[in-house]
Amino acid sequence: MNKIEIEGQIRDLISAVRREEVPPGVAIRQVDRTLRTFRRVALTGQEDAYTLRVLLGVGESYEMLSSFDKALAVYDEAIALARQLKDRATEADLLRQSG
């Protein structure tokens, strides 16, 4: 699976979750699988801005599914990456979301 396919899968999953087409338990498993696939294929450190976008989407998916522990874990990873990229706006948004 390439990066475009992964990003499309995440985007489709987020859309399905928003429309409540997928039962929450099934959706959480899909998000878990998507994140594992992304980590295996795409988290290479080469495209950190892309990785940050994907992590934001995954965290948002978990949050919408009320899987707050998983959302916070992904958001923590995204905060660290936003700091590394000196993306202060994203870092601030994530800190606010994380409470």
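Residues numbered from 1 in each chain as written. Predicted model: local features only at pLDDT ≥ 70, side-chain atom pairs only at ≥ 80, totals over all residues. Heavy atoms only, no water.

Here we take up helix α2 (residues 24-41). The terminal C-alpha atoms of α2 lie 25 Å apart, and with 18 residues this matches the ideal 26 Å at 1.5 Å per residue to within 8%. For α2, every residue scored as buried is listed here: A27, I28, V31, D32, T34, L35, T37 and F38. (Helix = DSSP H or I, 4+ residues; strand = E, 2+ residues; numbered from the N terminus. Expected span 1.5 Å × (residues − 1). Buried < 20%, exposed > 50% of the residue type's maximum accessible area, 1.4 Å probe, protein only.)

Core analysis: the biggest nonpolar cluster contains 27 residues, and V58 and Y62 have the highest contact counts within it. When residues of this core are traced back to their parent elements, those giving at least two are α1 (3-18), α2, α3 (48-64) and α4 (68-85). Here this core gets seven residues from one element, more than from any other, and that element is α4. If near-sequence neighbours (up to four positions away) are discounted, Y62 is found in contact with I28, V31, D32, L35, S67, K70, A71 and V74. (Core = buried A, V, L, I, M, F, W, Y, C linked by side-chain atoms within 4.5 Å. Contact = heavy atoms within 4.5 Å.)

Mapped onto the elements, E60 comes out in helix α3. Taking the C-alpha atoms as reference, E60 lies 9.2 Å from V74; in sequence the two are 14 residues apart. If near-sequence neighbours (up to four positions away) are discounted, E60 is found in contact with I14, R18 and Y75.

Moving on: helix α5 (residues 88-98). For α5, the complete set of buried residues consists of T90, E91 and L94. An end-on view of α5 places all buried positions within 100 degrees of arc, on one side of the element. In α5, the exposed positions that point more than 90 degrees away from the buried face belong to A89 and R96. Contacts from the buried residues of α5 go to α3 and α4. Just downstream of α5 lies G99, where phi reads positive at about 85 degrees. (Arc of directions from axis to C-beta.)

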